[in-house]
Amino acid sequence: MRSDVTPSPTYDLTEMMRGLIARLYPICRSITGDGLRQTLRIIGEQIPLEINEVPTGTQVFDWTVPQEWNLRRATLTAPDGSAIADTDVHNLHVLNYSIPMQKKMSLHELKPHLYSMPDKPDWIPYRTSYYAPNWGFCLPHRVVEQLRDGEYAVTIDTTLTDGSLTYGELFIPGQTEDEVLFSAHACHPSLANDNLSGIAVAVAAAKILSTQTNRYSYRFLFAPGTIGSICWLAINQSQVDRIKHGLVLSCLGDGGSITYKRSRQSDAIIDRTVAHVLREAGTPHTINPFVPYGYDERQFCSPGFNLPVGVLMRTPNGKYPEYHTSADNLDLIKPESLADSLQTVMKITRAIECNDRYQNTQPHCEPQLGRRGLYSNTGGNATPPGYEMALLWILNYSDGENDLLEISRKSGIALETITIAAQMLLDKLLLRKL
Amino acid sequence: MRSDVTPSPTYDLTEMMRGLIARLYPICRSITGDGLRQTLRIIGEQIPLEINEVPTGTQVFDWTVPQEWNLRRATLTAPDGSAIADTDVHNLHVLNYSIPMQKKMSLHELKPHLYSMPDKPDWIPYRTSYYAPNWGFCLPHRVVEQLRDGEYAVTIDTTLTDGSLTYGELFIPGQTEDEVLFSAHACHPSLANDNLSGIAVAVAAAKILSTQTNRYSYRFLFAPGTIGSICWLAINQSQVDRIKHGLVLSCLGDGGSITYKRSRQSDAIIDRTVAHVLREAGTPHTINPFVPYGYDERQFCSPGFNLPVGVLMRTPNGKYPEYHTSADNLDLIKPESLADSLQTVMKITRAIECNDRYQNTQPHCEPQLGRRGLYSNTGGNATPPGYEMALLWILNYSDGENDLLEISRKSGIALETITIAAQMLLDKLLLRKL
Amino acid sequence: MRSDVTPSPTYDLTEMMRGLIARLYPICRSITGDGLRQTLRIIGEQIPLEINEVPTGTQVFDWTVPQEWNLRRATLTAPDGSAIADTDVHNLHVLNYSIPMQKKMSLHELKPHLYSMPDKPDWIPYRTSYYAPNWGFCLPHRVVEQLRDGEYAVTIDTTLTDGSLTYGELFIPGQTEDEVLFSAHACHPSLANDNLSGIAVAVAAAKILSTQTNRYSYRFLFAPGTIGSICWLAINQSQVDRIKHGLVLSCLGDGGSITYKRSRQSDAIIDRTVAHVLREAGTPHTINPFVPYGYDERQFCSPGFNLPVGVLMRTPNGKYPEYHTSADNLDLIKPESLADSLQTVMKITRAIECNDRYQNTQPHCEPQLGRRGLYSNTGGNATPPGYEMALLWILNYSDGENDLLEISRKSGIALETITIAAQMLLDKLLLRKL
């Protein structure tokens, strides 16, 4: 157990996470471009990030890295000269990846390029058009409804040029080459919960894991959604079998309780681990089956890879009203949620670190625990204390099939107790690591 | 999808089924003989039936084809000259397969040869003695109770002679040699639901399937119960492995809801298909486990064959009071039940026809659906429409393990939508047929 | 079926069990010594027991057979000369395996050697110290609380010398070398339910099994807990694979209902058999999962052996208040519980004896049961009688996979009916034993 290296008060890390989210929030990110680069640079101030640039036109499986998109400013001006949309006010106002456009046009001509949500009339929707050349403005529906006929001035000052797609990676070497992957998408513009919260929790977890000795190597990936993880998988295809466990981190700052979405394998060790950690925590939580829609688990869990990667969230994508709207702002982020999300991630890593399968070296009858000082010597009590029961459970089920997690589940004894007891048995040579 | 070839209004077929049942009802059938032959001839007026005659004495597995039985008339006359039983009035009056008998006897001598049901005193029971030479009369219990001492005249004008057992078969060739078997027993005398209804639904389904191009070949078997299917299995033993799916059709005209009895395999494709079709229909239904008692599934599902053959019924055998009595008459048959039974059979065949396992040809990460015109290009919405979700589900789970039925079950998306989406992916070469 | 050899009235055996328990109760047993020897000698008066002595110092797996312990008398005298504890009054008064001690001492010095239960102040606890040299007295807490300062006289007249550990065995040869093991621990001093009841039921079962022809060989083991079964397993290691089924018998005399604790395999034939017998009995009962704490199943089910051995109890160890106290006395034993426990054991042995897997010799279609006299010849009834259904179930599922127990479970037909029907099919050569 590594309780010694657990972040003592996580207060500083919670403050760090809040500050990081606040600093990243105003940046206009996309799946390529300087907003994404700036984001990774700021993350790199917290943890040592390796930055990778994948040139436009690079073939990555079925996809091609697109031209790089950059926005200077996009404005939409009403016939009376008033500003309808201005990315200097809110960068969701522009359809993300809009082609450059400078034109005056009638409302009729403009209308197909306006995006709004009738059921959420006060919020700006988040819309993108990465792979089909298009332009547009996203507006509160209330604003769209009040537009009057006349000539509108469209000014979209963007560039789409050969460049590159940027992603950042932090690799924390462990005692083994076996890897745990944490992935957070870094492409969303001014949206706080989705996914600056995921980035912030990943950064905090990386900070903690960097300061301790880990059995696993940890890899943190900050990449644009879909095309970013596809790039990473294409470039690292030969090494993905090192990934033994993984989590996509997203929507971790809202006030909801934890939701875990299983990996496609559905009963991988990461799935059992998260379920166990959440069960032991005893707080409300939800465990959902894998579905092939969501975040970058879609790529990690594509059938050709089928990696053991689940998703840790609070309220899932699409399940909170502010999702993909201007209302997913800093007000949605609860510091206590960030702290709880980080704590959950750390519990999961601790469980992964200590979980193992062992072989009982004395499998014929019980070994005599008393003479090794492992067991109370005065018999006759109805039940031995918890750790003595843990010794018996571990010895009986350490047959090469069951890991400590499973023994904890079977016995109902806390994984921490099981881990301490397993270490005692290892020290006495009654267990052998498999 | 074959919605184009679905029977448009099934009204005509329902009328055909009603008419066929009414015409067949008065015939005195048995497991051999002219009643059976006449029945097959009438079916043959609707669909082109191949008639097979299996000679008396033919060894079929553990059984021997019995002598052929024919009834001219059987009467039982009371001491006062009144007619107690007369097969010209109801052919259930004679113990089916009665040996010839012409004798006067006391009530005492007669009694062991009378069959009645104390709990259903107004109905004539259906009883048979195929393999033990015997004779008898089946009577309403009310009649039996009123019989007085005196001399009774028994006249059973039957013949038991070397002849043959008759069965009829229709084979509708499909694009493959893989077969779907539909089997309906054709031996019951004047009993309407059991099983003229099964015969009628089979005939209607055969009519529809004959008019369309099918992937599977379809075989319709009309044979006497037990010995008939045993004959067929003995004669066709070398080819039964072509049967990929099968249904015994019986009791399909009563007012009850659909009941499906699983095959012995219990989770064969036919079992999953029927369960899926009934679930999607959303109407009340029952799914029962296999039991080795019932209809000809007893033979198809004997352990040496263990064919994937289930039973489609409405109210099962033995579960409606009129079962195997003179009350299983034309009044029990509901046209809307016949229509619904036929519709269910056709839904099952459509599901079987379109179900398949595919291999995703681009299993590493998602293929780019947008550039193939398969996917909306403006991202950011919470959920894509149903068919876009279907594309993702099919791609993710087309790993050679899951068929479309299973993907429909997993995703909760209608099999029809899944089938349309799979066809689109096939057209774009993103799937390969296995 | 062996209903002919079932103990007719078990009255005599119930009386025998009560008498045996009453006679063994006063003896001061331990894991070695003359009390244990005397116990085995008395058991040997009922059934022919082979006595084994394992010398002190013998290495048995991870354990060493300890020195032999014998008690003449232990007394604790108060400053005023009154007797506080005296093993002539109750042999639980001494910490079992106490080293010899003759000393006067203050209450302060004495206190760490006194064992009592504050929550059960009137009862003497049962405590042992087999493997750590120690001495002590076990007292009602009420007594301990009233002890006053002053000089106490401790006299523990025990011997700990090289000698041996004793266990007794009865082997009843059957038609095969396959064995059923019954094991009852014989080391507890004056405790009636735990485990003189287990010993008594084992003796009664052995008496019955000795008088009949059995397919299995039966082995009854009466050994001290833990070290005794470890000795037996070490000595018989090469032959333990003959044990096909086994039960530890303990706590079988109290008024509670039957509890079965599954073997570590959890779904071994013995587990299915006991579950089936208890289900068919229709009386309240509990089935618990395996846990690696309890009686000698801890050794039989250690991962190196993993024998199919469960535990038959009424109220389990630690679950009745009198457990391991002086209140586990003769008053706790109910004759009707002993009788019911014996009856349950005999039902289990009958089920084990008759259970088997068969192969249907005519697996293609049903064999013709009627011409073999196995089946009613007048067809048309809704349901054949139970045994005819049993014939069909057995024939259909005798594919080498399912044993009679499983067929009974699947069909819901009583195992006895299934067994009778299987015998009829065997006689007609329609089944072949596997």
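Bear in mind that the values here come from a model prediction, so they are computed numbers and not experimental data.

Draft legend 1. Structural view of unusual backbone geometry. That bond from B:Asp194 to B:Asn195 is cis: its omega, 20°, falls within 30 degrees of zero. Tracing the backbone through its elements, the reader meets B:Asn195 in helix 5 (residues 192-210). One non-glycine residue, A:Cys365, lies in positive phi territory at about 65°. Looking at where A:Cys365 falls in the secondary structure, it is placed in the loop between strand 17 (357-360) and helix 10 (386-397).

Draft legend 2. Seen up close, the side chain of C:Gln368. Relative to the assigned elements, C:Gln368 resides in the loop between strand 17 (357-360) and helix 10 (386-397). On the accessibility criterion, C:Gln368 (7% relative accessible area) is buried. There is a polar contact of 3.3 Å between the side chain of C:Gln368 and the side chain of C:Arg371. If we skip the residues at most four places from it in the chain, C:Gln368 touches B:Asp62, B:Trp63, B:Thr64 and B:Tyr131.

Draft legend 3. A look at the interface of chain B and chain A. Counting residues at the interface gives 26 residues for chain B, matched by 30 residues for chain A. For the pairing of chain B and chain A, the buried interface totals around 2,400 Å² over both sides, and the portion due to carbon and sulfur atoms is 51%. With its nearest N and O atoms 2.6 Å apart, the salt bridge here joins A:Asp62 to B:Arg372. No other element matches the six residues that helix 10 (residues 386-397) of chain B contributes to the side of chain B that touches chain A. Per-class residue counts for the side of chain B that touches chain A are eleven nonpolar, eleven polar and four charged.

Draft legend 4. Structural view of the relation of the copies chain B and chain C. Of the transformation superimposing chain B on chain C, the axial component is 0.0 Å and the angular component is 120°, with the fit at an RMSD of 0.1 Å. Within this description, the copies of the chain are treated as partners about a three-fold rotation axis. No C-alpha of chain B approaches the rotation axis more nearly than that of B:Asp267, which lies at 13 Å.

Draft legend 5. Structural view of the environment of C:Gln239. Residue and element names in this part refer to chain C. Here Gln 239 lies in the loop between helix 6 (227-235) and strand 13 (243-249). In this structure Gln 239 comes out as partly exposed when scored by relative accessible area, which is 31%. Here the alpha-carbon distance between Gln 239 and Trp 135, two residues 104 residues apart in the chain, equals 39 Å.

About the criteria used
- Residues numbered from 1 in each chain as written.
- Chains lettered and ligands numbered in written order.
- Predicted model: local features only at pLDDT ≥ 70, side-chain atom pairs only at ≥ 80, totals over all residues.
- Heavy atoms only, no water.
- Helix = DSSP H or I, 4+ residues; strand = E, 2+ residues; numbered from the N terminus.
- Buried < 20%, exposed > 50% of the residue type's maximum accessible area, 1.4 Å probe, protein only.
- Polar contact = N/O pair within 3.5 Å; in protein donor to acceptor, adjacent residues only side chain to side chain.
- Contact = heavy atoms within 4.5 Å.
- Buried area = accessible area lost by both parts, 1.4 Å probe.
- Salt bridge = Lys/Arg side-chain N within 4 Å of Asp/Glu carboxyl O.
- Nonpolar A, V, L, I, M, F, W, Y, C, P; charged D, E, K, R; others polar.
- Least-squares fit on C-alpha atoms with pLDDT ≥ 70 in both.

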